[in-house]
Amino acid sequence: MIKIQKKDFSVDNEIKILKDSYSNVGAVNSFIGYVRDLNNSKDVKYLELEVYKEMAIKELSNLREKGMQKWDLSDCLIIHRYGKLYVNEKIVLVCCFSEHRKNSFEACKFIMDFLKKDAPFWKKEFYTEGSDWLQNIS
Amino acid sequence: MIKIQKKDFSVDNEIKILKDSYSNVGAVNSFIGYVRDLNNSKDVKYLELEVYKEMAIKELSNLREKGMQKWDLSDCLIIHRYGKLYVNEKIVLVCCFSEHRKNSFEACKFIMDFLKKDAPFWKKEFYTEGSDWLQNIS
Amino acid sequence: MKIRYFAWIKDITHKDYDLIENNYPKNINEIKLFLNKSYPGLKKHIKEDILRFAINMEYSPTNQKLDSKDEIAVFPPVSGG
Amino acid sequence: MKIRYFAWIKDITHKDYDLIENNYPKNINEIKLFLNKSYPGLKKHIKEDILRFAINMEYSPTNQKLDSKDEIAVFPPVSGG
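Once that is clear, we can look at the overall build of chain A. Check the secondary structure of chain A and you find three helices and nine strands. Scaling as 2.2 N^0.38, a compact globule of 138 residues should have a C-alpha radius of gyration of about 14 Å, and chain A matches this with 16 Å. Dimensions along the principal axes, computed over C-alpha positions, put chain A at roughly 50 × 25 × 25 Å. Expressed as a percentage of the 138 residues in chain A, the buried residues total 58%. A fraction of 74% describes how many contacts in chain A between residues 6 or more apart in sequence connect residues 24 or more apart. Per element, the accessible surface of chain A, about 5900 Å² overall, is 48% carbon and sulfur.

Okay, here's the thing in structure tokens:
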């Protein structure tokens, strides 16, 4: 499941929807990314997150498929928000469902690493004064 | 925060309680462990999870402290349930809060690995017929 | 052919996209020539090889042949997650 | 001294704990002797070095000296998480 959306989400609900179908799943590793209050030593007020939506869906679907196959996942969920996001709001959720924990950890890390590198999203940070477009370093 | 409890928990609520105090946290990696329906090729009905509670608190507190220091976490939450747990129910939650994602992933994996190895919990699985005490392999 | 712009590229192009009917660029190198000519502000970024290009929503080799119906996207390094 | 039992150890001891007032074991090796004698069913598990021991809720070296007020725990390999 890939979701590109403006609105917030509940981690419990999103996991439950998928987990209920897989009673053989013993392990779910999740990553949640948040808007931080401080970046490059500047006070962040909020972000404007831009997305190339059609490509993001395609890119994340491919990435999800790769992760699912490589680590034999039962399922995998990626949610990425866009629009105006304030400090402490969730930006991204990746959940990897597997029988045992090792695969769920490795798949989630893999997906986050490539999401950061390739998924077409751009953050513009707004500070007390001014704004900056960001670029992912690692 | 260490919680050893019988009752279920909400991942959203548990994370929110801590996250609200740390606006510099951009990354939360979580692991949720569940009761699986099939183990050693047997149909699992439920588990009885026994705990040496006083020692579990001590052991998990030490482990949490080690993880917090080694990966410079802002906070870390470990919840482990005990008692009668049915298939699909949550058993354990570990959440690691850090500024950037790498540390949250590594700390969470570290804590889960040692929790599995050392924390004084014991699962007894009940099948359609009979029951078995389990032992963690890895 | 549609050429779409994202993030701070738009701050330079002052538009979301260009539509090219005739004499459309035949590969990414020709896209770069088009951009250099239409948006001098992009020149140094193209020279420093900072921009990323996608053809029909996929990262593609620069020598891939383009079709008149293709959607090209031009954007800076990403910053999602 | 209190010696507590967990998981399937209790299926063999048929009790949660023993209290020893006098002549208490002075180290983990003496605990093993006590268990061998009191619970023959534990013998093979002790011989195969399967049991784990904690002193006052901490894994401890086997030669650590025990005190009369110590709480000893005897349990099988863990299976939490």
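The next subject is the interface of chain D and chain B. It is common to give the size of an interface as the accessible area that goes away when the parts come together. With 21 residues of chain D in contact, the opposing surface of chain B contributes 24 residues. The junction of chain D with chain B conceals about 1900 Å² of combined surface from both sides, 55% of it contributed by carbon and sulfur atoms. Of all residues in chain D, Met57, Ser79 and Gly81 of chain D give up the largest surface area on contact with chain B, accounting jointly for 34% of the area buried on that side. Applying the counting rule to chain D against chain B returns four salt bridges. Glutamate 58 of chain D is the partner of lysine 58 of chain B in a salt bridge, and the nearest nitrogen-oxygen pair spans 3.6 Å.

Contact with chain A, which involves 36 residues of that partner, is made by 36 residues of chain B. Of the roughly 3000 Å² buried where chain A meets chain B, counting both sides, 51% is carbon and sulfur surface. Three residues stand out in chain A for area buried against chain B, namely Arg36, Arg101 and Phe105 of chain A, and they jointly supply 24% of the buried area on that side. Applying the counting rule to chain A against chain B returns four salt bridges. Linking aspartate 113 of chain A and arginine 101 of chain B is a salt bridge whose minimum nitrogen-to-oxygen distance equals 2.9 Å. Across the contact surface, chain A and chain B share 25 residue pairs in polar contact (both at pLDDT 80 or more). Those elements giving two or more residues to the side of chain A that touches chain B turn out to be α1 (11-19), β2 (27-34) and α3 (101-118) of chain A. When the residues that make up the side of chain A that touches chain B are grouped by side-chain class, the tally is 14 nonpolar, eleven polar and eleven charged. Across seven bridges, the pairing between β2 of chain A and strand β2 (residues 27-34) of chain B is antiparallel. Among the inter-strand pairings, valine 28 of chain A is bridged to a residue of β2 of chain B, identified as isoleucine 32 of chain B.

Looking now at the sheet that holds strand β3 (residues 52-55) of chain C. Residue and element names in this part refer to chain C. The mixed open sheet is built from five strands, whose spatial order is β2-β1-β5-β3-β4. Looking at strand neighbours, the two that pair on one side only are β2 (17-19) and β4 (58-59), the edges of this open sheet. Both strand β1 (residues 2-5) and strand β5 (residues 71-75) contribute to a ladder of four bridges, which runs parallel. If you follow arginine 4 over to β5, its bridge partner there is alanine 73. Along the sheet, helix α2 (residues 28-38) makes contact with β1, β2, β3 and β5, crossing β3 at roughly 125 degrees.

Note on the identical chains: chain A maps onto chain B by a rotation of 180 degrees and an axial translation of 0.0 Å, with an RMSD of 0.0 Å. Expressed as an axis order, the relation between the two copies is that of a two-fold axis. Using C-alpha coordinates, one finds that chain A approaches the rotation axis most closely at serine 30 of chain A, a distance of 2.5 Å. The overlap is high: 100% of the interface residues of chain A also sit at the interface in chain B, so the same surface is used on both sides.

What counts and what doesn't
Residues numbered from 1 in each chain as written. Chains lettered and ligands numbered in written order. Predicted model: local features only at pLDDT ≥ 70, side-chain atom pairs only at ≥ 80, totals over all residues. Heavy atoms only, no water. Helix = DSSP H or I, 4+ residues; strand = E, 2+ residues; numbered from the N terminus. Rg over C-alpha atoms; globule rule 2.2 N^0.38 Å. Buried < 20%, exposed > 50% of the residue type's maximum accessible area, 1.4 Å probe, protein only. Contact = heavy atoms within 4.5 Å. Areas by Shrake-Rupley, 256 points an atom, 1.4 Å probe, with all protein chains shown as cover. Buried area = accessible area lost by both parts, 1.4 Å probe. Salt bridge = Lys/Arg side-chain N within 4 Å of Asp/Glu carboxyl O. Polar contact = N/O pair within 3.5 Å; in protein donor to acceptor, adjacent residues only side chain to side chain. Nonpolar A, V, L, I, M, F, W, Y, C, P; charged D, E, K, R; others polar. Pairing = 2+ DSSP bridges. Axes fitted to C-alpha atoms, helices over the stretch in contact; angles between N-to-C directions. Least-squares fit on C-alpha atoms with pLDDT ≥ 70 in both.

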